[in-house]
Amino acid sequence: MNKVIILIFLLINFADFETKPDQFIARQGQISFFSYTSVENIEAKNNQVLSIIDLSKNEIAISMLMNAFIFKKSLMHEHFNESYIESDLHPKATFEGKIKDFDPLMDGVQTRMIAGELTIHGITKEVEIKATIENTEGKYLFTGDFEVAVKDFDIKIPPILAPNIAKNISITFRFEYQPYEK
Amino acid sequence: MKNNVHFIIYFFILMGFSNSVKSQGLLDTLEKEYPDTPQYEIATFKATRISIGHSIENRKKGVLEIKAMNRFWNIPNFEGQRFVADKINARLALEYGISDRLTFGSGVSTLDGIFDGFLKYKLLRQRSDKKGSPISMTLFQNGSYRSRRNRPFTDINRFEDFTDQLAFTSQVLIARKFTPQFSMQLSPTYIHRSSSSFDEDPNNHFAIGIGGRYKLGGHVSIVSEYYYVLNPLKSIDTYDAFALGVNWELSDVMLQFQLTNTRGMVEDNFITQTPNNFNFKDGNFVFGFNATFVLHLNQKRKQK
């Protein structure tokens, strides 16, 4: 009987050791967005994006505060949060998805599709994003860019400002993952 | 043996528990990873004026506001044919953010030729994360110089010496954003006039202002303001300042329209010396229009 208990104990311990390095976290991920029009170029950067990947299930999650975006013009930061993205009501943007055909053990660069649900301004959309994944000595670097349509997320732009804001906003991201210790 | 069974049950429970922790979504894990940085409420009023008086807001460092504030009204029973309105008072002003908390501004009003300068300092910022200060507080101090006599009305101050024509206003602006749509402000005000033409008039006035903003849509809000003077002038009849307005905040331009009874745009002038009450008769009804252009002189915002 005692041997059984020891066996179970060892099993649990081993199970724990197996799962711990499966999760990798990026605490200072970067997301930038750009809106290029002939009238005005708008650009903002968020350096405090959180992301986590679970290699056992090839899952990824991203979460960020919308008011952490930094604009060149301070008034634009206020307009963005108050009039467009309404960060009082929807403070965060999130993404939750799966990395398709991802091989965590492969060294070097691989390009993979990430499919999942993107939530901005309280509205969730299914998206597929192409990401470049670089694996160097057990650390992962995810980079890439994609586009979102402003109207998909119910962000209202007054007609008078329609020429100033692009219909599709391009987004670039960069995450450096470290092993996650709770 | 019984003990061993207990152990096994205990281990199973432990295993089940650790499994349930693992099956928690990755987003929930991230939720716990947010650093505890303070979150401040933004855009309590958005513009640096609620409508006629100052709000707790100030612009960030390196931002210059170019202001054209206008008031239009008619003269009762006026026989002439002036364009649009019989009388106009315009204040042209520049207001600059020295730091994120301190603003300096200066302007000139055409009616009575009033020159004014002010300093505004944001002392407390309301936190939006339910911690810290529940209110925002801004200190305001201005000085104004009246260069012309107030014909055909009675002059309430002497015009013998330069210092006779000075007045100073101190305000403690206290505001709270209650919901994303609704903000309110209380503005206790102290006004000192350097001289009085009449002995019966006080040189020091106390007033309290109350103002509110309700956001209708992304860029439009309605505002209202009222100033109650505790010890008004005695030599002339004065009325409390009132304004009802619409603010339109768009890109680099902020437009404020108001229906009011105030003709002046400098604090001591409109809070204590408004000679008419609010109604729609000629001479009493004033239409106001503030146009603000926001110029970002310092575009390199510090990366946090």
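Residues numbered from 1 in each chain as written. Chains lettered and ligands numbered in written order. Predicted model: local features only at pLDDT ≥ 70, side-chain atom pairs only at ≥ 80, totals over all residues.

**Considering the overall build of chain A**
Counting secondary structure elements, chain A contains 2 helices and 9 strands. Residue burial in chain A is summarised as follows: out of 182 residues, 30% are buried. (Helix = DSSP H or I, 4+ residues; strand = E, 2+ residues; numbered from the N terminus. Buried ≥ 20, exposed ≤ 12 C-beta atoms within 10 Å, placed from the backbone.)

**Side note on the sheet that holds strand S7 (residues 182-193) of chain B**
In spatial order, the strands read S1-S2-S3-S4-S5-S6-S7-S8-S9-S10-S11-S12 (chain B); together these 12 strands close into a barrel with antiparallel pairing. Sheet twist, expressed as the mean angle between neighbouring strand axes with direction ignored, is 20°. (Pairing = 2+ DSSP bridges. Axes fitted to C-alpha atoms, helices over the stretch in contact; angles between N-to-C directions.)

**A word on the UniProt feature "domain: Lipid/polyisoprenoid-binding YceI-like" (unreviewed entry) in chain A**
The feature "domain: Lipid/polyisoprenoid-binding YceI-like" (unreviewed entry), as given by UniProt, occupies residues 39-176 of chain A in the numbering adopted here. Counting secondary structure, residues 39-176 of chain A comes out at 8% helix and 57% strand; the distance between its end C-alpha atoms is 35 Å. (UniProt positions renumbered as here; feature names shortened; annotations may be inferred.)

**A look at the environment of Arg-213 of chain B**
Residues and elements named next belong to chain B. Position of Arg-213 among the secondary structure elements: in strand S8 (residues 204-215). Along the sequence, Arg-213 and Lys-177 sit 36 residues apart, while their C-alpha atoms lie 9.2 Å from each other. If we ignore the near neighbours within four places in the chain, the residues touching Arg-213 are Phe-45, Ile-50, Ser-183, Ser-221 and Val-223. (Contact = placed C-beta atoms within 7 Å.)

**Remarks on the pairing of strand S5 (residues 92-99) of chain A**
Residue and element names in this part refer to chain A. Sheet topology places strand S3 (residues 59-65) next to S5; 7 bridges connect them, and they run antiparallel. Paired with Ser-63 across the two strands is Thr-94, which belongs to S5. Taken together, the 6 bridges between S5 and strand S6 (residues 108-120) define a ladder with antiparallel strand orientation. Residue pairing for S6: Lys-98 is matched across the bridge by Ala-115.

**Brief notes about the nonpolar core**
With 52 residues, the main nonpolar core has Ile-52, Ile-60, Ala-61, Ile-62, Met-64 and Tyr-177 of chain A as its most contacted residues. Apart from residues no more than four positions distant in its own chain, Tyr-177 of chain A is found in contact with Phe-24, Ile-25, Ala-26, Ile-53, Lys-139 and Tyr-140 of chain A. (Core = buried A, V, L, I, M, F, W, Y, C linked by C-beta atoms within 7 Å.)

**Brief notes about helix H2 (residues 74-84) of chain A**
Judged by how many residues are buried, H2 of chain A sits mostly within the fold: 10 of 11 residues are covered. Buried within H2 of chain A we find Ser-74, Leu-75, Met-76, His-77, His-79, Phe-80, Asn-81, Glu-82, Ser-83 and Tyr-84 of chain A. Tucked into the core, H2 of chain A has its buried residues touching strand S2 (41-54) and strand S4 (70-71) of chain A together with strand S1 (63-73) and strand S12 (286-296) of chain B. Count one or two residues on from H2 of chain A and you reach Glu-86 of chain A, which has phi positive near 50°.

**Re the domain arrangement of chain B**
For chain B, the domain assignment lists domain 1 (1-32) and domain 2 (35-296). Here domain 1 of chain B and domain 2 of chain B have C-alpha centroids that lie 63 Å from each other. (Domains from an automatic or database assignment.)

**Regarding the pairing of S2 of chain A**
Residue and element names in this part refer to chain A. Of the strand pairs in this sheet, strand S1 (residues 23-36) and S2 are connected by 11 bridges, and their pairing is antiparallel. Within S2, the position partnered with Ser-35 by the bridge is Ile-42. Counted along the chain from S1 to the antiparallel partner S2, the turn is 4 residues long. Direction of pairing for S2 relative to S4: antiparallel, over a ladder of 2 bridges. When the bridges of S4 are listed, Ala-44 appears paired with Phe-71. Sheet topology places S2 next to S3; 5 bridges connect them, and they run antiparallel.

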